[in-house]
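Secondary and tertiary structure notes
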Amino acid sequence: MTLKEIDRLVKESEFASIGFWDGEGNPGIRRVFSTWHKGLGGHLISTNTSSLHTQAMMQNNKACLYFDNCRTFEGVCFTGTVIVHLDHEYKAMIWNEGDEKYYPKGVDDEDYCVIEFQADYGRYYRCDGIGDISAKELAEFDEGAEFINYARS
């Protein structure tokens, strides 16, 4: 797969699976809504501050993020780190009409946060091959990119 094909896969995916380590050192995975992307390496995810995966990532910021297309049997797994944002700036940036269903106190609900995932490297799979994406390739591909909500584009 080319980086452009991987970028298309990521942008067309509404959901991703985020992998993390819990407080006892056990792996965990959650399916998350992920439409905000900054090139291939940066991704924003809205979630509950009180959730197990958020609490675990506040203790251990190492994570992976997997995007896939089940119909074409292709996927990419990025490995990197997360930052859990509790500040209004990030929360307001990705707030959507209807989110109050999940966060009744609105954009400043204390149980609403934004996880920023930053990829260090990646690995992709498709029926015609498997390959790695280096940190250098990610940096070059992402140069000048800004966060964009691809659910709205």
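Details of the structure are given in the entry above.
Within any chain, residue numbers begin from 1 and follow the written order of that chain's sequence. Thresholds applied to this predicted model are a pLDDT of at least 70 for local features of residues and 80 or more for the giving and counting of side-chain atom pairs; totals over whole chains, interfaces and linings are not thresholded and use all residues. Values reported for side chains reflect all heavy atoms of the structure, with hydrogen atoms and water molecules removed beforehand.

1. Brief notes about the packing of aromatic side chains
For Phe, Tyr and Trp, rings pair up if their centres lie within 6.5 Å, where Trp contributes its six-membered ring, and each pair is then called stacked (planes under 30 degrees apart), edge-to-face (over 60) or tilted (otherwise). In total, this model carries seven aromatic pairs according to the counting rule given. Where Trp 95 meets Tyr 103, the ring centres are 6.2 Å apart and the plane angle is 50 degrees; that geometry is what we call tilted. Each member of the pair Trp 95 and Tyr 103 is classed as buried. Pairing Tyr 103 with Tyr 112 gives two aromatic rings, centres 4.6 Å apart and planes at 40 degrees, and the pair type is tilted. We call a residue buried when its accessible area falls under 20% of the maximum for its residue type, exposed when it is over 50%, and partly exposed in between, using a 1.4 Å probe and counting protein chains only. Take Tyr 112: its relative accessible area is 0%, and that puts it in the buried class. Members of the aromatic cluster, joined through ring pairs, are Trp 95, Tyr 102, Tyr 103 and Tyr 112.

2. Quick notes on the pairing of strand S5 (residues 62-69)
With three bridges connecting them, strand S1 (residues 15-21) and S5 associate as antiparallel partners. Counted as the bridge partner of Gly 19 is Cys 64 from S5. Between any two strands, pairing holds if DSSP finds at least two bridges. Strands are runs of DSSP state E lasting at least two residues, helices are runs of H or I lasting at least four, and both sets are numbered from the N terminus onward. Bridging between S5 and strand S6 (residues 74-85) involves eight bridges; their strand directions are antiparallel. Along S6, the bridge assignment pairs Phe 67 with Val 76. Between S5 and S6, which pair antiparallel one after the other, the connecting turn spans four residues, and Phe 73 there sits at a positive phi close to 55 degrees.

3. Considering the pairing of strand S7 (residues 112-126)
Looking at chain direction, strand S4 (residues 42-48) and S7 are connected through seven bridges and run antiparallel. Across the sheet, the residue bridging to Asn 48 is Tyr 112, located in S7. Two elements, S6 and S7, share 11 bridges in a ladder whose sense is antiparallel. Among the inter-strand pairings, His 85 is bridged to a residue of S7, identified as Val 114. The hairpin formed by S7 and strand S8 (residues 129-133) contains two residues between the paired strands.

4. Comments concerning the environment of Glu 146
Along the chain, the position of Glu 146 falls in the loop between helix H4 (135-142) and strand S9 (148-149). It only takes one pair of heavy atoms within 4.5 Å for two residues to be counted as in contact. Leave out the neighbours within four places in its chain, and Glu 146 touches His 37 and Lys 38.

5. Some words on the pattern of salt bridges
Here, a salt bridge means any Lys or Arg side-chain nitrogen found within 4 Å of an Asp or Glu carboxyl oxygen. In this structure the tally under the stated criterion is 10 salt bridges. Note that Arg 123 is salt-bridged to Asp 132, the shortest N-O span being 2.6 Å. A relative accessible area of 44% means that Arg 123 is categorised as partly exposed. Relative accessible area serves as the criterion here: at 53%, Asp 132 is assigned to the exposed category. Taken together, the salt bridges that share partners define one network made up of Glu 5, Arg 8, Glu 12, Glu 74, Arg 126 and Asp 128.

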